[in-house]
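Spelled out from the first residue to the last, the chains are:
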Amino acid sequence: MDNEVNATTPAALVCHALIAAGVEVVQLWWEYVRLGGQATAIEVEAHLRHNLWLPSDQQDLLAQAAHGLLSPGTTSQSGRRLRA
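Conventions adopted
- Sequence order sets the numbering: in each chain, residues are counted from 1 along the sequence as written.
- Local features are withheld for residues below a pLDDT of 70 in this predicted model, meaning they are given only at 70 or higher, and side-chain atom pairs are given and counted only at 80 or more; totals for whole chains, interfaces and linings count all residues.
- As a convention, hydrogens and water are excluded, and side-chain values are obtained from all of the structure's heavy atoms.
- Elements are defined by DSSP. Helices are runs of H or I of four residues or more, strands are runs of E of two residues or more, and each kind is numbered from the N terminus.
- The buried label goes to any residue with under 20% of its type's maximum accessible area, the exposed label to any with over 50%, and the partly exposed label to all in between, with areas taken from a 1.4 Å probe on protein chains only.
- Should any heavy atoms of two residues lie within 4.5 Å, those residues are considered in contact.
- Note on areas: Shrake-Rupley with a 1.4 Å probe; residue coverage comes only from the protein chains shown.
- By convention in these notes, a salt bridge is any Lys or Arg side-chain nitrogen within 4 Å of a carboxyl oxygen on Asp or Glu.
- As used here, the term nonpolar core means buried Ala, Val, Leu, Ile, Met, Phe, Trp, Tyr and Cys residues forming a set that is joined through side-chain atoms within 4.5 Å.

Quick look at the overall build of the chain
Next up, step 1: When you go through the chain residue by residue, the secondary structure sums to five helices and zero strands.
Next up, step 2: Of the regular secondary structure in the chain, the N- to C-terminal order runs α-α-α-α-α.
Next up, step 3: Taking all 84 residues of the chain together, the buried fraction comes to 35%.
Next up, step 4: Counting only contacts in the chain whose residues sit at least 6 apart along the sequence, the fraction spanning at least 24 positions is 48%.
Next up, step 5: For the chain, the exposed surface amounts to about 5,400 Å²; the carbon and sulfur share of it is 56%.

Structure representation (structure tokens):
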């Protein structure tokens, strides 16, 4: 897959949005696990970098977690307000 295609995959879009918002992968992972996600933090990071495929149900949970963290006014697990 070339870089142009990779840049528009759901995982790439999530990754770019998180970076732009200053959200770390571990924050995404905690929210993902809270929603019922089963992948490890390393697996989530590998998925975001296109090095590991996650089943579609896990991808959906990851997208929900990212959406929750990127929504304006969202508070992280540590109680710190995240930038959106």
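Looking at the pattern of salt bridges
Next up, step 1: In total, this model carries two salt bridges according to the counting rule given.
Next up, step 2: The closest approach of N and O atoms between Arg34 and Glu31, which form a salt bridge, is 2.6 Å. Residue Arg34 and its partner Glu31 are both found in helix H3 (residues 25-34); the two are separated by three residues, about one turn of the helix.
Next up, step 3: Here Glu45 ties to Arg49 by a salt bridge, and the two come within 3.1 Å at their closest N and O atoms.
Next up, step 4: On the basis of relative accessible area, Glu45 is assigned to the partly exposed category, the value being 31%.

Concerning the environment of Pro55
Next up, step 1: Along the polypeptide, Pro55 turns up in the loop between helix H4 (41-48) and helix H5 (56-70).
Next up, step 2: According to the relative accessible area criterion, Pro55 is partly exposed, its value standing at 34%.

Thoughts on the side chain of Glu31
Next up, step 1: Residue Glu31 is classed as buried on the basis of its relative accessible area, which comes to 13%.
Next up, step 2: Not counting chain neighbours up to four residues away, the residues in contact with Glu31 comprise Ala65 and Leu69.

A word on the nonpolar core
Next up, step 1: Core analysis: the biggest nonpolar cluster contains 17 residues, and Val14, Leu18, Leu28, Tyr32, Val44, Leu48 and Leu62 have the highest contact counts within it.
Next up, step 2: Secondary-structure elements contributing two or more residues to this core are helix H2 (10-21), H3, H4 and H5.
Next up, step 3: Looking at this core element by element, the count peaks at five residues for H5.

Brief notes about the environment of Gln59
Next up, step 1: Position of Gln59 relative to the elements: it lies in helix H5.
Next up, step 2: Spatially, the C-alpha atoms of Gln59 and Val44 are 9.3 Å apart, while their sequence positions differ by 15 residues.
Next up, step 3: When neighbours within four sequence positions are excluded, Gln59 is seen to be in contact with His47, Trp53 and Leu54.

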